[in-house]
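Tertiary structure, described
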Amino acid sequence: MKRTVEELLQCPYWIVDILPSQVPADSPGQYFAVEKYFLQGGRLEEIKRKHIDLVLKLNCYRDISIDGETVINPLPEHMADEMRKRFLYIMTGDSMILSEPDDTHLTVFNPDPQLLELIRQIASGEGLYVWKPAV
């Protein structure tokens with residue numbers, strides 16, 4: 001059974017990120033300055049390319065679709081273009097990946113254990129990390 005976007009937004013989620021874990025609120029480091037650095041210039045495009053590559057590699061193993069579109073397994077070029085330009089819900093089975101064009105992370109909602117492991121493996125190859133946020 002396929003879940004709706006609204007249902008999936010209420011499910012447990014994991015983060016695919018450039019950092020290996022959530023930065024604590026009381027961290028002595030300079031998280032916001034570093035984040036700003038990664039959001040500028042070509043750095044964000046490098047990160048977005050990793051996000052796109054992760055989703056396209058995932059599509060080799062799982063059917064995917066884009067919210068609001070009826071096509072299953074859209075062309076890689078279309079997926080890449082959409083991920084670069086808009087807020088996107090990427091559906092795969094009863095799971096969803098949220099991609100934002102101007103963010104350094106992806107959010108994976110309701111992954112089954114096999115999907116989560118596959119995402120971890122692909123993310124590792126892209127130099128990204130997968131972690132569950134503290135509640």
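As a reminder, the structure under discussion sits directly above these lines.
Residues numbered from 1 in each chain as written. Predicted model: local features only at pLDDT ≥ 70, side-chain atom pairs only at ≥ 80, totals over all residues. Heavy atoms only, no water.

Counting buried positions along strand E3 (residues 88-92) gives 5 out of 5 residues, so the element sits mostly inside the fold. The two faces of E3 match: Leu88, Ile90 and Thr92 on one face and Tyr89 and Met91 on the other face are all buried. Here 2 bridges tie strand E2 (residues 65-66) to E3, and the two strands are oriented antiparallel to one another. The residue of E3 that forms the bridge with Ser65 is Met91. (Buried < 20%, exposed > 50% of the residue type's maximum accessible area, 1.4 Å probe, protein only. Helix = DSSP H or I, 4+ residues; strand = E, 2+ residues; numbered from the N terminus. Pairing = 2+ DSSP bridges.)

There is about 300 Å³ of room inside the largest pocket. If you go around the largest pocket, you meet 18 residues; those closest to its centre are Asp17, Leu19, Val23, Tyr31 and Glu35. When contributions to the lining of the largest pocket are tallied by element, the ones reaching two or more residues are strand E1 (13-17) and helix H2 (31-38). Broken down by element, the lining of the largest pocket gets its largest block of residues, 5 residues, from H2. A per-class count over the lining of the largest pocket returns 11 nonpolar, 4 polar and 3 charged. (1 Å grid on protein atoms, 1.4 Å probe; cavity = no way out; pocket = protein on both sides within 12 Å on 5 of 7 lines; lining within 4 Å. Points joined across faces, edges and corners; volume = space filled by probe spheres on them. Nonpolar A, V, L, I, M, F, W, Y, C, P; charged D, E, K, R; others polar.)

We now examine a nonpolar patch on the surface. A surface patch of nonpolar side chains, about 300 Å² in accessible area, is lined by Val23, Tyr31 and Phe32. Mapped onto the secondary structure, Phe32 falls in helix H2. (Patch = residues over 30% accessible without salt bridge, like charges linked within 9 Å, V, L, I, M, F, W, Y side chains within 5 Å. Areas by Shrake-Rupley, 256 points an atom, 1.4 Å probe, with all protein chains shown as cover. Salt bridge = Lys/Arg side-chain N within 4 Å of Asp/Glu carboxyl O.)

This part is about the pattern of salt bridges. For the structure on display, the rule yields 9 salt bridges. Here Arg43 makes a salt bridge to Glu46, at a shortest N to O gap of 3.5 Å. Taken as a pair, Arg43 and Glu46 lie in helix H3 (residues 41-58) at a separation of 3 residues, close to a single helical turn. Residue class for Glu46 comes out partly exposed when judged on its relative accessible area of 39%.

So, on to the sheet that holds E3. Sheet strands pair by backbone hydrogen bonding; their relative direction is either parallel or antiparallel. With respect to topology, 6 strands assemble into an open sheet ordered E2-E3-E4-E5-E1-E6, the strand pairing being antiparallel. In this open sheet, the two strands that pair with only one neighbour each are E2 and strand E6 (129-131). When strand E4 (residues 95-99) meets strand E5 (residues 106-109), the two strands line up antiparallel, connected through 4 bridges. For Ser99, the partnering residue across the bridge sits in E5 and is Leu106. Packing against the sheet, helix H4 (residues 76-85) makes contact with E2, E3, E4 and E5, and its axis sits at approximately 140 degrees to E3. (Contact = heavy atoms within 4.5 Å. Axes fitted to C-alpha atoms, helices over the stretch in contact; angles between N-to-C directions.)

Right, let's talk about the nonpolar core for a bit. Core analysis: the biggest nonpolar cluster contains 24 residues, and Val16, Leu54, Met79, Met83, Ile90 and Ile119 have the highest contact counts within it. Looking at this core, the elements with two or more residues in it are E1, H3, H4, E3, E5 and helix H5 (113-125). Examining the composition of this core, we find that 6 residues originate from one element, H5, more than from any other. When near neighbours in sequence (up to four residues on either side) are disregarded, Ile90 contacts Val55, Ile64, Ser65, Met79, Met83, Ser95, Met96, Ile97 and Ser99. (Core = buried A, V, L, I, M, F, W, Y, C linked by side-chain atoms within 4.5 Å.)

The next subject is the packing of aromatic side chains. Going through the model one piece at a time under the given rule, you end up with 4 aromatic pairs. Summarising the aromatic geometry, the rings of Tyr13 and Phe109 are spaced 5.6 Å apart at their centres and angled 45 degrees between planes, so their arrangement reads as tilted. Here Phe109 lies in strand E5 and Tyr13 lies in strand E1, a separation of 96 residues in the sequence. For Tyr13, a relative accessible area of 34% translates into the label partly exposed. Under the relative-accessibility criterion, Phe109 is labelled buried at 6%. Aromatic side chains Tyr37 and Phe38 sit 5.4 Å apart centroid to centroid with 75 degrees between the ring planes, which places their arrangement in the edge-to-face category. (Phe/Tyr/Trp six-rings, centres within 6.5 Å; stacked < 30°, edge-to-face > 60°.)

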